[in-house]
Amino acid sequence: MAGYDTAGEIQNTYSAAHSEFGSDPNFWLRYFAPSPYADVVESDPTSECVGAWESGGPRIGPIMAPDQANLASSSAQGLADAETFCAAIYSTFTSVGPLQTPANGMIYCWLDQEYSTTLSLDYWNGWADYVAGYKFANVGTQPLYACLYCDPYSPYPNCTTIGASGAAPCHAVWSSEPEPCGSLANSPSWDADACASTPTEVWQYGEQGACGYSANVDLDTGAPDFNEGNYCFYLSSEP
Amino acid sequence: MPFGRVASGHSPGITSTRHNSGRAEQDRDAGRLTRRALLAGGIGATAVVALPDLTRADLARAATTGSAAGAASGAGAAGGTAPAGHFFLYGITTPDAEHSAGVQAVNSPAASQAVRGAVAAQSVAAQSASASAPAPVATGLATAPVASPDQAWLALATVAASSSGPVVTVSVMEKASATVAQKAVIALREIPSTASVLVTPVFSPDATMLSLVLGISVPGPKRQVSKRDPRGGGVTTISAPDWRSQHALAFFDRSTGAVSGPFYLGDEPSLALSTVVATASDLFVWTTPDPRATPRSKSHPVAPPLPAVSVFPVGEGKARLTVPSPAPWPGGEPAMALPSGDAARFVNSRTLHVVAAKSGDLRQVAVAPLNEGRAKPSPIMMTPGPRESLFLAKPSIGRAVIVDPASEFAVRNDVSFAAPAKPFGGLTSKAVLSPSGEQLYVLGGAKSGGLAVYDVASGKITGAYGDGRQYSGLYLLPSGTVLAVSQENPRLAYFSPELSPLATADTGMYVSAVY
């Protein structure tokens, strides 16, 4: 049940990925604003969704990657980043008719903390509280759940921040390590690094640079009892 | 050549082997201005650490005198050169301390008295360290510091709640002396004190005008939100407000000391994040409407809103033009004023959006050497280059170019280098152009680590230092010394311009940026 994450547009990425890995992804984890160094879904959500449908992996989960210095900043910065992130997710949801919230009503929203980045408690709380309380105005639900992409064993504050007393809830960790590589159809046995406070539910077991993939994708899989695709938007039909 | 380690230095921050002194002195000698030491200095929970800006001459003198601090002072006196000045570390020391973001000045010994005076005068922080010691200058910042285009000044913004509304204070620090030269206070009396205020300062090209864009988010009444527990299956109830955001402008004329504003833009609801560029006469502000302002339903899909760019005459709160801008939404992309008076932002890590100041017309310029993607986001460095050029670097693909805005952004120089192991994360600065534009300093490749320097004209590597360490960022200090930052102590490493190792230093700070 592995899938891809990519900073590129799905519609311009999936063919190369399929050629390299030969099977359909279970899901796509894609960047939404504010991710200033990536292509973002809300710029052209219909084309992204068409790409996901055609790839055979019609599920899209959201991640945001702000300038990494932001993560050491204030709660005001965290709140403002989350506001844009949630608005990008919501406007994507309401711009593509067949794009649906998952059956369980829960969408995992990932904050990208890279290896060398510091996450302050102020920023995390400003960000995570806003995400948790964001209401989809057209349906009146609050389907977004704050989660963290990180390298749990990095020397920089990540697990200690989300596990701190007074930290806003973090519902899952997506671990970037280790990287045994592998393919989409044959992912390695579950061996993701973990934080003490929050379970690792998604594992990036193959990163393009470290694993030498030619397609602009990284490979990810869910924990043994967890299917990340169930916590993503899904397409009920071709857009 | 191994790193020099000062054997018996008295300079705080320089790794020392002398440990037979008192605890406080040991702390300083070890390069760690500890939380305890800071508390003694009245700093509170924000801990900082600092090191002198050392040159090769400083280290040579240290070898003969046994004191890097004395050597640095002596070098300045003997050589007749001015103190190298200061640089500033921005980051946090503890992940679990509220309001722990702080800025720290790192000063040359000769300027340490000025630093202490500045700190005391502004009551921002105080420090008890000796000459050439680190000087905490600010804590609890509302946003990351912003440097002026000429790197001479630093704007530090804080926001305080008061019964009459949030109060924004911006201190302008002279980097050479590390003194707070001026301070501007903007009271938002029309705004509830519960508001969250994101401050975005931006200097004019000559640094005489400081413009502030304020993203003001106001919470509505709290409502009860039921959230299913993804693991346990239970339901948790949280209380959360709906937030509505708007923007305001304020201007600080540093030549007269006058503050104008706040000017509320009346753009509620919009998203608080913005992208801002200041020219000598105009302020460009990119903003995005809040999509919830438009009725939306699944049966009648509506495209996401487009951002807009407004051009304000500097000092005024009414835009002289506002035009739609192509996606993406603003929020952290590199942006800067062009010599022509137009403004540019670099989006999607491959395309320049250039906005004409007169008309608002927008051009999209693809910078061909940088038009290559990766699975991970690919940060872009964009800074002024020599002779009114633009320097652009994309470490994830190992490419840097100098382009000419006056010639349709034609590529003047194009340098390829080995991509570092971690091109995204930590400090943004991973490729730096020398002031002359002749040398390009980059983090070493994934296999070698260390640093490398290239001759820009030929594109050829002219020096490298590889010790296997993977640095997360590098900077050129005022002295010309190259500073590299890594994830574990010694976090700071000094190199000569030729990349000969000079010294290392510990810091208890998680460094997020260097100014």
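Details of the structure are given in the entry above.
Each chain carries its own residue numbering, running from 1 in the direction its sequence is written. Going through the entries in the order they are written, you letter the chains from A and number the ligands from 1. Two thresholds apply to this predicted model, a pLDDT of at least 70 for residue-level local features and 80 or more for giving and counting side-chain atom pairs, whereas whole-chain, interface and lining totals are computed over all residues.

Caption draft 1: The environment of Ser458 of chain B, seen in detail. All names here are of chain B. What counts as a helix is a DSSP run of H or I of at least four residues, what counts as a strand is a run of E of at least two, and both are numbered from the N terminus. Tracing the backbone shows Ser458 in the loop between strand E26 (451–455) and strand E27 (460–465). Residue classification places Ser458 among the exposed residues on the basis of 10 C-beta atoms within 10 Å. The sequence separation of Ser458 and Val415 amounts to 43 residues, and the corresponding C-alpha distance is 8.2 Å. Working definition of burial: number of other C-beta atoms within 10 Å of the residue's own, with buried at 20 or more, exposed at 12 or fewer, and partly exposed in between, all C-beta atoms being placed from the backbone.

Caption draft 2: Spotlight on the sheet that holds strand E23 (residues 410–416) of chain B. Residues and elements named next belong to chain B. Within the open sheet, the four strands sit side by side as E20-E21-E22-E23. Their pairing is antiparallel. Each end of this open sheet is capped by a strand with a single partner; those strands are strand E20 (381–384) and E23. Within this sheet the neighbouring strands show an average axis-to-axis angle of 20°, counted without direction. Two strands are counted as paired when DSSP detects at least two bridges linking them. A fitted line through C-alpha atoms serves as each axis, taken over the contacting stretch for helices, and the angle formed by two N-to-C directions is quoted from 0 to 180°.

Caption draft 3: Seen up close, the sheet that holds strand E6 (residues 167–174) of chain B. Strand order across the open sheet formed by four strands is E4-E5-E6-E7 (chain B), with antiparallel pairing between neighbours. Taken across any chain shown, the strands that pair with only one partner, and hence form the sheet edges, are strand E4 (146–147) and strand E7 (179–187) of chain B.

Caption draft 4: Spotlight on the packing of helix H3 (residues 75–93) of chain A against helix H4 (residues 121–133) of chain A. Residue and element names in this part refer to chain A. At a closest axis distance of 7 Å, the pairing of H3 and H4 adopts a crossing angle of 30°. The chirality of how H3 crosses H4 is right-handed. Here Ser75, Ala76, Gln77, Gly78, Leu79, Asp81, Ala82, Glu83 and Cys86 of H3 lie close against H4, whose contacting residues are Asp122, Tyr123, Trp124, Asn125, Gly126, Trp127, Tyr130 and Val131. Taken together, the residues of the contact of H3 with H4 sort by class into nine nonpolar, five polar and three charged. A crossing counts as left-handed when the near helix is turned anticlockwise from the far one by less than a right angle, and as right-handed when that turn is clockwise. By the convention adopted here, residues make contact when the C-beta atoms placed from their backbones lie within 7 Å. Residue type decides the class: Asp, Glu, Lys and Arg count as charged, Ala, Val, Leu, Ile, Met, Phe, Trp, Tyr, Cys and Pro as nonpolar, and the leftover types, Gly among them, as polar.

Caption draft 5: Examining the nonpolar core more closely. Think of a nonpolar core as buried Ala, Val, Leu, Ile, Met, Phe, Trp, Tyr and Cys residues chained together by C-beta atoms that fall within 7 Å. Formed by 204 residues in total, the largest nonpolar core has its most connected members in Val131 of chain A together with Leu451 of chain B. Top contributing element to this core by residue count: H3 of chain A, with 11 residues. Domain delimitation in this document rests on an assignment produced automatically or drawn from a domain database. Viewed by domain, this core spans two of them, domain 1 (1–140) and domain 2 (144–223 + 240–292 + 305–331) of chain B, each represented by three or more residues. Residues contacting Val131 of chain A, with those up to four places away along its chain left out, are Ala82, Cys86, Cys109, Leu144 and Ala146 of chain A.

Caption draft 6: Layout of the pairing of E20 of chain B. Residues and elements named next belong to chain B. In terms of strand pairing, E20 meets strand E21 (residues 390–394) through four bridges, oriented antiparallel. Following the sheet pairing, Met381 is matched in E21 by Ala393. Hairpin connection, E20 to E21: the antiparallel pair is bridged by five residues, and Arg387 has positive phi, about 50°.

Caption draft 7: Main features of the pairing of E23 of chain B. Residues and elements named next belong to chain B. Pairing between strand E22 (residues 399–404) and E23: six bridges, direction antiparallel. Residue pairing across strands places Val401 opposite Asp414, the latter belonging to E23. Taking the residues between adjacent antiparallel strands as the criterion, E22 and E23 are bridged by five residues, where Glu408 takes a positive phi near 55°.

Caption draft 8: Molecular detail of the interface of chain A and chain B. With 73 residues of chain A at the interface, the matching set in chain B holds 69 residues. For the side of chain A that touches chain B, the elements supplying multiple residues, two or more each, are strand E1 (3–6), H3, H4 and helix H5 (159–162) of chain A. Per-class residue counts for the side of chain A that touches chain B are 33 nonpolar, 29 polar and 11 charged.

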